[in-house]
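Chain by chain, the residues:
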Amino acid sequence: MANVKNGITFYAKGRAEIKVAFANGIKTCQNCEFLYSERGLGRCKCELQHGKIIPVDYIEFGRDITCPIEFEDEGGEE
């Protein structure tokens, strides 16, 4: 095992490609499996953006937030 006596000195980085499905093609944060609601606090967290806080009334794209998902086409699979 590597010597970690002095703590972490660096992180190895990688990249993963995942598929995210949106029911009926409705591309809103509220339909994303990576949005987690914090009930009672009036906010949600986007796990794709490392827990970025999103106010509940801003959970549709285009309202002061940017989505890291790169969408393919406007069609879809059934």
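A brief structural summary.

Cut-offs used in this document
- Residues numbered from 1 in each chain as written.
- Predicted model: local features only at pLDDT ≥ 70, side-chain atom pairs only at ≥ 80, totals over all residues.
- Heavy atoms only, no water.
- Phe/Tyr/Trp six-rings, centres within 6.5 Å; stacked < 30°, edge-to-face > 60°.
- Helix = DSSP H or I, 4+ residues; strand = E, 2+ residues; numbered from the N terminus.
- Buried < 20%, exposed > 50% of the residue type's maximum accessible area, 1.4 Å probe, protein only.
- Salt bridge = Lys/Arg side-chain N within 4 Å of Asp/Glu carboxyl O.
- Pairing = 2+ DSSP bridges.
- Disulfide = S-S within 2.5 Å.
- Axes fitted to C-alpha atoms, helices over the stretch in contact; angles between N-to-C directions.

**So, the packing of aromatic side chains**
Moving on, step 1. Applying the stated criterion across every chain, the model contains one aromatic pair.
Moving on, step 2. Taking 5.6 Å as the distance between ring centres and 55° as the angle between the ring planes, the aromatic pair formed by phenylalanine 22 and phenylalanine 71 counts as tilted. Of this pair, phenylalanine 22 sits in the segment before strand E1 (35-38) while phenylalanine 71 sits in the segment after strand E3 (52-55), placing them 49 residues apart in sequence.
Moving on, step 3. Classification of phenylalanine 22 as buried rests on a relative accessible area of 13%.

**Points about the pattern of salt bridges**
Moving on, step 1. Scanning the model with the defined rule gives two salt bridges in all.
Moving on, step 2. Across the pair arginine 43 and glutamate 38 runs a salt bridge whose closest N-O atoms are separated by 2.3 Å.
Moving on, step 3. Between lysine 45 and glutamate 38 there is a salt bridge, and its shortest N-O distance comes to 3.3 Å.
Moving on, step 4. Exposure remark for lysine 45: the relative accessible area of 26% places this residue in the partly exposed category.
Moving on, step 5. If you follow the salt bridges from partner to partner, you end up with Glu38, Arg43 and Lys45 in one network.

**Considering the pairing of E1**
Moving on, step 1. Bridge analysis of E1 against strand E2 (residues 43-46) gives four bridges, and the strand direction is antiparallel. From the neighbouring strand, tyrosine 36 faces E2, where its bridge partner is lysine 45.
Moving on, step 2. Counting the residues in the hairpin turn of E1 and E2 gives four residues, including glycine 40, whose phi is positive at 85°.

**A few points about unusual backbone geometry**
Both trends apply: most residues other than glycine have a negative phi, and most peptide bonds are in trans.
Moving on, step 1. The phi dihedral of asparagine 24 falls on the positive side, at around 55°, and the residue is not glycine.
Moving on, step 2. Backbone geometry at histidine 50 places phi at a positive 55°, although glycine is not the residue there.
Moving on, step 3. Looking at where histidine 50 falls in the secondary structure, it is placed in the loop between E2 and E3.

**A word on the state of the cysteines**
Moving on, step 1. Considering all chains together, one arrives at zero disulfides under this definition.
Moving on, step 2. Left without a disulfide partner, cysteine 29 is nearest to the cysteine sulfur of cysteine 67, which lies 6.1 Å away.
Moving on, step 3. In this structure cysteine 29 comes out as buried when scored by relative accessible area, which is 8%.
Moving on, step 4. Counting only cysteine sulfurs, cysteine 32 is the nearest neighbor of cysteine 46, a cysteine outside any disulfide, at a range of 6.4 Å.

**Some details on the sheet that holds E2**
Moving on, step 1. Sheet architecture is open: three strands sit in the order E1-E2-E3, paired in antiparallel fashion. Every other strand in the sheet has two partners, leaving E1 and E3 as the edge strands with one partner each. Sheet twist, expressed as the average angle between the axes of neighbouring strands with direction ignored, equals 35°.

Function-wise, these values are silent; they only describe arrangement.
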